[in-house]
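Residues per chain, in single letters:
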Amino acid sequence: MCTVCGCGEGDTQIEGHDHQHDHDHSEHHHHGEQHGHTHDYGHGPAHAHAPGMTQSRMVQIEQDILSKNNQYAAANRRYFQEHGILGLNLVSSPGSGKTTLLTRTIDDLQPDFAITVIEGDQQTTNDAERIRATGVKALQINTGKGCHLDGHMVGHALETLKPEEGSLLFIENVGNLVCPAAFDLGEAHKVAILSVTEGEDKPLKYPDMFHAADLMLLNKIDLLPYLSFDVERCIAYAQQVNPRIKVIQLSATTGEGMQAWYQWIAATRQIVLVGHPALAV
């Protein structure tokens, strides 16, 4: 867990604003209120062990942090439900092709759906700029030394972005297959993206992430002729960790398999829109 590595301390920057994060979380954020500041997390020094801290105390700190996070995530989830917004948390290791997949998805779906994006990275606004080039609203959260987004960060980003009712919200998390598994953002589903250029045993090495995900996108399948990647074994490993996980094989570069991904999004959105007949398309 990252709760003892310092990633919950210090400064995180939500694009365009500056603000010191309140670690007490004593006041819950309210969606729809505009805040002219940046939210700060994540610049604490990383360390594997806290000197002088007992294991039981570290466990208690972890539980407290996750409990607070879950409160913010629950508020985000209520916001999504009230407004008929499908929130998807895209998680992967760096280099999986996540941003390329997202930009192609936006280009293909934008004629039919309103789309908003929250981008998470430790530094730079490169990915948010790539997303905004498609014409959709995107907001960058730089986590500094932080290794994941959390419910509080996403809640404040929603206040700024104000996604349309009935829209799609993609949250591109920090490239990391460890800590984002533990932090609920209020999303409807975690979508794990695994590239065939990675090892097929990734689901076994990072079981928490693949257990938390409802869908695995096996990306870059156009490269399979040049690799020794065993697709069947990879899928078997993912299902061993999570028997309910769905798998779609695709290539964001060539477009192969992308329609299956879009069909999954459309079907999932219909579930979210139950109770919102005026928003159904």
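Now for a quick tour of the structure. Note that the structure is a prediction, hence the values are computed from the model and not measured. (Residues numbered from 1 in each chain as written. Predicted model: local features only at pLDDT ≥ 70, side-chain atom pairs only at ≥ 80, totals over all residues. Heavy atoms only, no water.)

### Topic: the sheet that holds strand β4 (residues 137-142)
Working step 1: The strand order β1-β4-β3-β5-β2-β6-β7-β8 describes an open sheet built from eight strands, whose pairing is mixed. Edge positions in the sheet fall to β1 (13-14) and β8 (246-249), since each has one partner strand and no second.
Working step 2: Across five bridges, the pairing between strand β2 (residues 86-92) and strand β5 (residues 168-172) is parallel. Opposite Gly-87, over in β5, you have Leu-169 as the bridge partner. (Pairing = 2+ DSSP bridges. Helix = DSSP H or I, 4+ residues; strand = E, 2+ residues; numbered from the N terminus.)

### Let's talk about the side chain of Asp-150
Working step 1: Tracing the backbone shows Asp-150 in the loop between β4 and α4 (151-161).
Working step 2: Buried and without a salt bridge, Asp-150 has Lys-190 as its closest oppositely charged side chain, separated by 12 Å.
Working step 3: Side-chain polar atoms of Asp-150 contact the backbone nitrogen of His-152, separated by 3.1 Å. (Buried < 20%, exposed > 50% of the residue type's maximum accessible area, 1.4 Å probe, protein only. Lys, Arg positive; Asp, Glu negative; His and termini not counted. Salt bridge = Lys/Arg side-chain N within 4 Å of Asp/Glu carboxyl O. Polar contact = N/O pair within 3.5 Å; in protein donor to acceptor, adjacent residues only side chain to side chain.)

### Quick word on α4
Working step 1: With respect to burial, α4 is a largely interior element, ten of its eleven residues being buried.
Working step 2: Every buried residue belonging to α4 is among Gly-151, His-152, Met-153, Val-154, Gly-155, His-156, Ala-157, Leu-158, Glu-159 and Leu-161, and all of these are buried.
Working step 3: Between the side-chain oxygen at the start of α4 and the backbone nitrogen of His-152 there is a gap of 3.1 Å, and the oxygen is on Asp-150.
Working step 4: One or two steps after α4, the chain reaches Lys-162, where phi turns positive at roughly 50 degrees.

### Comments concerning the nonpolar core
As a rule of thumb, soluble globular proteins bury nonpolar side chains together.
Working step 1: Core analysis: the largest hydrophobic core is formed by 28 residues, its most contacted members being Ile-115, Val-117, Phe-170, Leu-217, Trp-261 and Ile-265.
Working step 2: Taken together, the elements giving at least two residues each to this core come down to β2, α2 (98-109), β3 (115-121), β5, β6 (189-195), β7 (215-219) and α8 (258-272).
Working step 3: Element by element, the count of residues in this core is highest for α8, at six residues.
Working step 4: Setting aside its immediate chain neighbours within four residues, Trp-261 contacts Leu-88, Leu-90, Leu-101, Thr-105, Phe-170, Val-191, Leu-215, Leu-217, Ile-248 and Leu-250. (Core = buried A, V, L, I, M, F, W, Y, C linked by side-chain atoms within 4.5 Å. Contact = heavy atoms within 4.5 Å.)

### Brief notes about the packing of aromatic side chains
Working step 1: With the rule as written, the count across this model stands at two aromatic pairs.
Working step 2: Both rings, one in Tyr-79 and one in Phe-80, keep their centres 6.3 Å apart while their planes meet at 65 degrees; by these two values the pair is edge-to-face. Like Tyr-79, the residue Phe-80 is buried in the burial classification.
Working step 3: Where Trp-261 meets Trp-264, the ring centres are 5.8 Å apart and the plane angle is 15 degrees; that geometry is what we call stacked. Taken together, the residues Trp-261 and Trp-264, both in helix α8 and three residues apart, mark about one turn of the helix. (Phe/Tyr/Trp six-rings, centres within 6.5 Å; stacked < 30°, edge-to-face > 60°.)

### Overview of the pattern of salt bridges
Working step 1: What the rule picks out here adds up to seven salt bridges.
Working step 2: Between Asp-108 and Arg-104 there is a salt bridge; the shortest N-O distance is 3.8 Å. Taken together, the residues span about one helical turn, with Asp-108 and Arg-104 both in helix α2 at a distance of four residues.
Working step 3: Between Glu-187 and Lys-190 there is a salt bridge, with its nearest N and O atoms 2.8 Å apart.

### Considering the environment of Ala-74
Working step 1: With respect to the helices and strands, Ala-74 occurs in helix α1 (residues 55-83).
Working step 2: Overall, the relative accessible area of 28% leaves Ala-74 in the partly exposed class.
Working step 3: Taking the C-alpha atoms as reference points, Ala-74 and Gly-151, separated by 77 residues in sequence, lie 8.3 Å from one another.

### Points about the pairing of β2
Working step 1: Of all seven residues making up β2, seven are buried, and the element is well covered by its neighbours.
Working step 2: Burial along β2 is two-sided: the face carrying Leu-86, Leu-88, Leu-90 and Ser-92 and the face carrying Gly-87, Asn-89 and Val-91 are both buried.
Working step 3: Examined bridge by bridge, β2 and β6 share five bridges and lie parallel to one another. Bridge pairing in β6 links Ser-92 to Ile-193.

### Here we look at helix α7 (residues 231-241)
A turn of α-helix holds 3.6 residues, and therefore any two residues three or four places apart point the same way.
Working step 1: Within α7 the residues assigned to the buried category are Val-231, Cys-234, Ile-235, Ala-238 and Val-241. For α7, the angular spread of buried residues about the axis comes to 125 degrees, placing them on one side. Opposite its buried face, α7 presents the exposed residues Glu-232 and Gln-240, each directed more than 90 degrees away.
Working step 2: Looking at the buried positions of α7, the neighbouring elements they touch are β6, α5 (202-205), α6 (207-212), β7 and β8.
Working step 3: With a side-chain oxygen lying 3.3 Å from the backbone nitrogen of Glu-232, the N-terminal cap of α7 falls on Asp-230. (Arc of directions from axis to C-beta.)

All quantities given are derived from atomic positions and should not be read as evidence of function.
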